[in-house]
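Structure assessment
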Amino acid sequence: MQNNENVKQINAFAMRNGIVLGLFGILSLVVFKWSFSVPFCSTLFGVMLLCSPILATYQTIRFRQSIAGEVSEFGFMRGFLHALFTGFYASVWVALFTFVYLQYFDHGSIFAAYGHSLDTPEMKTYLQQSGMNAQLSQLTGRSGVQGLVEAMQSLGATTYASLSLYSSMIFGPVIAAVIGLITRK
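Residues numbered from 1 in each chain as written. Predicted model: local features only at pLDDT ≥ 70, side-chain atom pairs only at ≥ 80, totals over all residues. Heavy atoms only, no water.

Here's the deal with the side chain of Thr98
Formally: For helices the rule is a DSSP run of H or I covering at least 4 residues; for strands it is a run of E covering at least 2, with both sets numbered from the N terminus onward. Throughout this description, buried means an accessible area under 20% of the type-specific maximum (1.4 Å probe, protein chains only), exposed means over 50%, and partly exposed covers the range between. Whenever a nitrogen or oxygen atom comes within 3.5 Å of another N or O atom, the pair is scored as a polar contact, on the condition that within protein one atom can donate a hydrogen and the other can accept it, and that pairs from neighbouring residues in sequence are kept only if both atoms are in side chains. Any pair of residues with heavy atoms lying within 4.5 Å of one another is described as a contacting pair.
Among the structural elements, Thr98 can be located in helix 3 (residues 76–106). The buried category is assigned to Thr98, whose relative accessible area is 11%. There is a polar contact of 2.8 Å between the side chain of Thr98 and the backbone oxygen of Val94. Ignoring any residue separated from it by four or fewer positions in sequence, one finds Thr98 in contact with Leu29, Tyr160 and Ala161.

The following block contains the structure:
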């Protein structure tokens, strides 16, 4: 009975913290969209991506502090479950935002911006020198960048939304294990 209450408590905190982490993830996606036209946003997106686990760690530490009066020991499993649940709830919010945005608002503009960023003279030179241009032409049936953009647009909003959930399932347990080790007391 005690373990069931612990999981309920962890889940309740993780739901609230998942909203915060999810909003941070949504903000990072907005920055990602702007990264195609504003170069600084590309760096900012990378920093935000790296800060997501730091924010999850901070939220787990805050959870540990808020229940400190109730429990004398905050073990690995509490930190692990809190971080895992928080990440999963955040990924649900990010997936929902991704789906709604791509399905109803974007109309392919993010893929067009990506294609445009690959079509710049600097990027064309880089793709040519690295040999990626030949691979891209081979993969897209000689259509090059335009073929890549068309392929990305054809996948649909559901595919991109589900990537958030899949990533959470694949990387979440590893990140949560590290956070569980860091936050145990």
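Side note on a nonpolar patch on the surface
Heads up, the rule is: A patch is a set of surface residues, each over 30% in relative accessible area and not in a salt bridge, joined within 9 Å for like charges and within 5 Å for the nonpolar side chains Val, Leu, Ile, Met, Phe, Trp and Tyr. Throughout, the Shrake-Rupley method with a 1.4 Å probe supplies accessible areas, and for residues the shown protein chains are the sole cover considered. Here, a salt bridge means any side-chain nitrogen of Lys or Arg that lies within 4 Å of a carboxyl oxygen of Asp or Glu.
Where nonpolar side chains cluster on the molecular surface, the patch consists of Phe88, Val92, Leu163, Tyr166, Met169, Ile170, Phe171 and Ile175 and spans about 780 Å² of accessible area. Breaking the nonpolar patch down by element, the ones donating at least two residues are helix 3 and helix 8 (157–183). Structurally, Ile170 is set in helix 8. Classification of Ile170 by relative accessible area gives exposed; the value is 56%.

Section: unusual backbone geometry
A positive phi angle, close to 55°, is found at His107, a residue other than glycine. Look at His107 and you get exposed, because its relative accessible area is 65%.

Describing the packing of helix 2 (residues 39–66) against helix 8
Threshold: In this analysis an axis means a line fitted to C-alpha atoms, helices contributing only their contacting stretch, and an angle means the value between N-to-C directions, from 0 to 180 degrees. Angles are sorted into four bins: roughly parallel if under 35 degrees, roughly antiparallel if over 145, roughly perpendicular if 65 to 115, and oblique for all others. Left-handed is the label given to a crossing in which the near helix is rotated counterclockwise from the far helix by less than a right angle, and right-handed is the label when the rotation is clockwise. Three classes are used, and their members are as follows: Ala, Val, Leu, Ile, Met, Phe, Trp, Tyr, Cys and Pro are nonpolar, Asp, Glu, Lys and Arg are charged, and the others, Gly among them, are polar.
Closest axis-to-axis distance for the helix 2/helix 8 pair is 10 Å, and the angle between their directions is 45°. Classified by the interaxial angle, the pair formed by helix 2 and helix 8 is oblique. Helix-helix and strand crossings are classified by hand; for helix 2 and helix 8 the assignment is right-handed. For the pair formed by helix 2 and helix 8, the contact residues are Pro53, Ala56, Thr57, Thr60, Ile61 and Arg64 on the first element and Ile175, Ile179, Ile182 and Thr183 on the second. Residues of the contact of helix 2 with helix 8, tallied by class, amount to six nonpolar, three polar and one charged.

Comments concerning the side chain of His82
Relative to the elements of secondary structure, His82 occurs in helix 3. With a relative accessible area of 0%, His82 lands in the buried category. For His82, the residues in contact, after removing those within four places along its chain, are Ile10, Phe13, Ala14, Asn17, Gln59, Thr60 and Phe63.

Observations regarding the packing of helix 4 (residues 109–118) against helix 7 (residues 144–154)
Two elements in contact, helix 4 and helix 7, have axes whose closest approach is 9 Å; the angle formed by their N-to-C orientations is 160°. By the criterion of interaxial angle, the relationship of helix 4 to helix 7 is roughly antiparallel. Remark: the crossing between helix 4 and helix 7 carries right-handed chirality. Of helix 7, the residues touching helix 4 (which contributes Phe111, Ala112, Tyr114, Gly115 and Leu118) are Val145, Leu148, Val149, Met152 and Gln153. Within the contact of helix 4 with helix 7, the residues separate by chemical class into eight nonpolar, two polar and no charged.

Keep in mind that these numbers describe shape and distance, not what the molecule does.
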